[in-house]
Amino acid sequence: MLVGRGPDFGSCVGTIPNSSSGMTRRPGAVGYRPAVQRLGLFVRRFGLDALVVLAGIESALEVVFQHGQPGAPTMATWAAALILAVVPLPLLVRRRFPFWAPATMLLAAAAVSFADGRLMTFSIGTYAAGLASAFLLGNLDDPVRARIGLAVAVGGVAIVVSNDPDAIVGQKVFIPIVFGIAWLAGSAMRARVLQADAAEERAALLEREREAEALRAVVEERTRIARELHDVVGHSVSVMTVQTSAVRRRLTPDQEREREALLAVERTGREALAEMRRVVGALRDADESPALAPQPTLARVDALVVQARETGLPVELSVEGEPVPLPAGVDLTAYRLVQEGLTNAIKHAGAHHAQVRVRYGDGHVEVEVSDDGGGVAASGHGDQLMNGGHGLVGMRERVSIYGGELEAGPRDGGGFRLRARLPVTVTA
């Protein structure tokens, strides 16, 4: 029947695009053979058109073969067949005229019923085409036109049934109700499509917001890393500059060329420090004061453990391997990783016990923080540990700067684990 919901009935309604109706080709269809795919596309696009033509042909043949029988139309056979074949055809232009095509079909049926009251109620094909028209009118985008379509559908079929001399009272009431139900079905389908569109739009908006939030987190963390590295690099450049100045002052008067070279190095160092202060100063918040305390290192990891224990969380610390001096940036990153892991265990995981392991290996340092809590996933924080909700994002940024590896997620037996491996070039 024309009113059945096929694989893509919405695509047959000119006002409902395939993408919004959720009835486009499914991802699984890529596994079908091309011929089957082309056939499916053809049926989805032209299936209703074919049914409309078949309805007209069926109605014409029905009146030809049953003309003269009781209840058959009284007009000439050729005229009745021609009218029944033509009446459903306006539905073929429903994509271009989504309101007028089905409305014209119903109004034409009502008008013809005045010439012969039995003609429009005689064939099954015409009845099905009328139901499809009511469905299409209920499926309109414009609610005003849809309500007008309800009046056209119910009023038109009421006229057709009233003009049928063989119709009983029950039919004159029941058949308009059926067409009203068909209109309601089209309206309900449109409402579902609108709900699906709204849900898809909300999902797309949330995805864009998540992407924007992740980008903001990356930018914020990179800014924070830049400020911290400024302190690290600035300290090193300051030491170099001071040492260069001290060496320059110890030169003898006849070492003029050496003095000029060292003076150039000293001057370059001061200029570099000034430029770094200007650049990093632009990255600081207006109410943020410069950090005066030295940057933390792994040598102070025991202080982190003590702080965590003071909150009531038992923490076990183990250091494996021979500690070696680390580059300042790597040292700071390793410290921040431990800080992130412990903060997550205290604030989000609901842990009862935590472990901190620092392993010094050949050419690398590895830090690991594990706990027995519910984990990030259980607490609903996802990629968010601390630092304004972007801890893991920040840790990945830090680790990637030094070419390291980061793992974070639930561990076997329950709990959460944060582990990072950082390559190390041992400094003297």
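Residues numbered from 1 in each chain as written. Predicted model: local features only at pLDDT ≥ 70, side-chain atom pairs only at ≥ 80, totals over all residues. Heavy atoms only, no water.

1. Topic: the overall build of the protein chain
Okay, so step 1: Within the protein chain, the secondary structure is distributed over 13 helices and 5 strands.
Okay, so step 2: Within the protein chain, the proportion of its 428 residues that are buried is 41%.
Okay, so step 3: Taking the intrachain contacts of the protein chain between residues at least 6 apart in sequence as the baseline, contacts between residues at least 24 apart amount to 70%.
Okay, so step 4: Entry remark: accessible area of the protein chain is about 23100 Å², with carbon and sulfur atoms responsible for 60%. (Helix = DSSP H or I, 4+ residues; strand = E, 2+ residues; numbered from the N terminus. Buried < 20%, exposed > 50% of the residue type's maximum accessible area, 1.4 Å probe, protein only. Contact = heavy atoms within 4.5 Å. Areas by Shrake-Rupley, 256 points an atom, 1.4 Å probe, with all protein chains shown as cover.)

2. What about the sheet that holds strand E2 (residues 354-361)?
Okay, so step 1: The strand order across the open sheet formed by 5 strands is E1-E2-E3-E5-E4, and the pairing between neighbours is mixed. The sheet is open, and its two borders are formed by strand E1 (315-320) and strand E4 (405-410), each paired with just one other strand. Geometrically, the sheet is characterised by an average inter-axis angle of 10 degrees between neighbouring strands, direction not taken into account.
Okay, so step 2: Bridge analysis of E2 against strand E3 (residues 364-371) gives 8 bridges, and the strand direction is antiparallel. By the bridge assignment, Val 356 is partnered in E3 with Val 369. (Pairing = 2+ DSSP bridges. Axes fitted to C-alpha atoms, helices over the stretch in contact; angles between N-to-C directions.)

3. Overview of the nonpolar core
Okay, so step 1: Val 63, Leu 106, Leu 119, Met 120, Leu 137 and Phe 179 are the most contacted members of the largest nonpolar core, which has 40 residues in total.
Okay, so step 2: Where this core is concerned, the elements lending two or more residues are helix H3 (34-65), helix H4 (77-86), helix H5 (100-115), helix H6 (124-138), helix H7 (143-162) and helix H8 (169-249).
Okay, so step 3: When sequence neighbours within four positions are dropped, the list of residues in contact with Leu 119 reads Pro 73, Met 75, Ala 80, Ile 83, Leu 84 and Val 112. (Core = buried A, V, L, I, M, F, W, Y, C linked by side-chain atoms within 4.5 Å.)

4. Comments concerning the pattern of salt bridges
Okay, so step 1: Scanning all chains against the criterion turns up 15 salt bridges.
Okay, so step 2: Of the charged contacts in the structure, one is a salt bridge between Glu 366 and Arg 359, with a shortest N-O distance of 2.6 Å.
Okay, so step 3: By relative accessible area, which is 11% here, Glu 366 ends up buried.
Okay, so step 4: Residue classification places Arg 359 among the partly exposed residues on the basis of a relative accessible area of 22%. (Salt bridge = Lys/Arg side-chain N within 4 Å of Asp/Glu carboxyl O.)

5. Some words on the confidence of the model for the protein chain
Okay, so step 1: On average, residues of the protein chain score 78 in pLDDT, and 80% of them are at 70 or above.
Okay, so step 2: Under a pLDDT of 50 for its full length, residues 1-30 has, in the predicted model, 67 contacts with residues more than four places off or in other chains. (pLDDT = per-residue confidence, 0-100.)

6. Re the packing of aromatic side chains
Okay, so step 1: Tallied over the entire structure, the rule returns 2 aromatic pairs.
Okay, so step 2: With a centroid separation of 5.1 Å and an interplanar angle of 80 degrees, the aromatic rings of Phe 99 and Trp 100 are classed as edge-to-face.
Okay, so step 3: Under the relative-accessibility criterion, Phe 99 is labelled buried at 7%.
Okay, so step 4: Taking 5.8 Å as the distance between ring centres and 80 degrees as the angle between the ring planes, the aromatic pair formed by Tyr 127 and Phe 179 counts as edge-to-face. Here Tyr 127, found in helix H6, pairs with Phe 179, found in helix H8; they are 52 residues apart in sequence, far enough to count as distant.
Okay, so step 5: Assessed through its relative accessible area of 32%, Tyr 127 is described here as partly exposed.
Okay, so step 6: Taking relative accessible area as the criterion, Phe 179 reaches 4% and is therefore assigned buried. (Phe/Tyr/Trp six-rings, centres within 6.5 Å; stacked < 30°, edge-to-face > 60°.)

7. Some thoughts on helix H10 (residues 301-310)
Okay, so step 1: Val 301, Leu 304, Val 305 and Ala 308 are the residues of H10 that are buried. All buried residues of H10 lie within an arc of 100 degrees about the axis, which places them on one face of the element.
Okay, so step 2: In this structure, the buried side of H10 is in contact with E1, helix H11 (328-347) and E2.
Okay, so step 3: In the stretch just after H10, Gly 312 is the one whose phi turns positive, near 105 degrees. (Arc of directions from axis to C-beta.)

8. Here we look at the side chain of Ser 123
Okay, so step 1: On the secondary structure map, Ser 123 appears in the loop between H5 and H6.
Okay, so step 2: Taking the relative accessible area as the measure of exposure, Ser 123 reaches 3% and is therefore buried.
Okay, so step 3: At 2.7 Å, the side chain of Ser 123 forms a polar contact with the side chain of Thr 126.
Okay, so step 4: Filtering out sequence-adjacent residues up to four positions away, Ser 123 remains in contact with Glu 58, Ser 59, Glu 62 and Leu 84. (Polar contact = N/O pair within 3.5 Å; in protein donor to acceptor, adjacent residues only side chain to side chain.)

9. Here's the deal with H11
Okay, so step 1: The end-to-end C-alpha separation of H11 is 28 Å, in line with the 28 Å expected for 20 residues at 1.5 Å each.
Okay, so step 2: In terms of burial, H11 is largely enclosed, as 17 of its 20 residues are buried. (Expected span 1.5 Å × (residues − 1).)

10. Describing the packing of H10 against H11
Okay, so step 1: At a minimum axis distance of 10 Å, the contact between H10 and H11 shows a crossing angle of 10 degrees. The angle between H10 and H11 falls in the class roughly parallel. Contacts between H10 and H11 involve Val 301, Leu 304, Val 305 and Ala 308 from the former and Tyr 335, Val 338, Gln 339, Leu 342 and Ile 346 from the latter.
Okay, so step 2: A per-class count over the contact of H10 with H11 returns 8 nonpolar, 1 polar and no charged. (Parallel < 35°, antiparallel > 145°, perpendicular 65-115°, else oblique. Nonpolar A, V, L, I, M, F, W, Y, C, P; charged D, E, K, R; others polar.)

11. A few points about the environment of Leu 84
Okay, so step 1: Mapped onto the secondary structure, Leu 84 falls in helix H4.
Okay, so step 2: For Leu 84, a relative accessible area of 0% puts it in the buried group.
Okay, so step 3: For the pair formed by Leu 84 and Ala 109, sequence separation is 25 residues and the distance between their alpha carbons is 9.0 Å.
Okay, so step 4: Sequence-distant contacts of Leu 84, defined by excluding residues within four places in its chain, comprise Gly 56, Ser 59, Ala 60, Val 63, Leu 119, Met 120, Ser 123 and Thr 126.

12. With respect to the pairing of strand E5 (residues 416-423)
Okay, so step 1: Two strands pair when backbone bridges link them, and E3 and E5 are joined in this way by 8 bridges, in the antiparallel orientation. The partner of Asp 371 across the bridge, within E5, is Phe 416.
Okay, so step 2: Bridge analysis of E4 against E5 gives 6 bridges, and the strand direction is antiparallel. Residue pairing across strands places Glu 405 opposite Arg 421, the latter belonging to E5.

13. Observations regarding the side chain of Arg 419
Okay, so step 1: Examined against the element boundaries, Arg 419 turns out to sit in strand E5.
Okay, so step 2: In this structure Arg 419 comes out as buried when scored by relative accessible area, which is 13%.
Okay, so step 3: Within the structure, Arg 419 has its side chain in polar contact with the side chain of Glu 366 (distance 3.2 Å).
Okay, so step 4: The residues contacting Arg 419, other than those within four sequence positions of it, are Glu 366, Val 367, Glu 368, Glu 405, Leu 406 and Glu 407.

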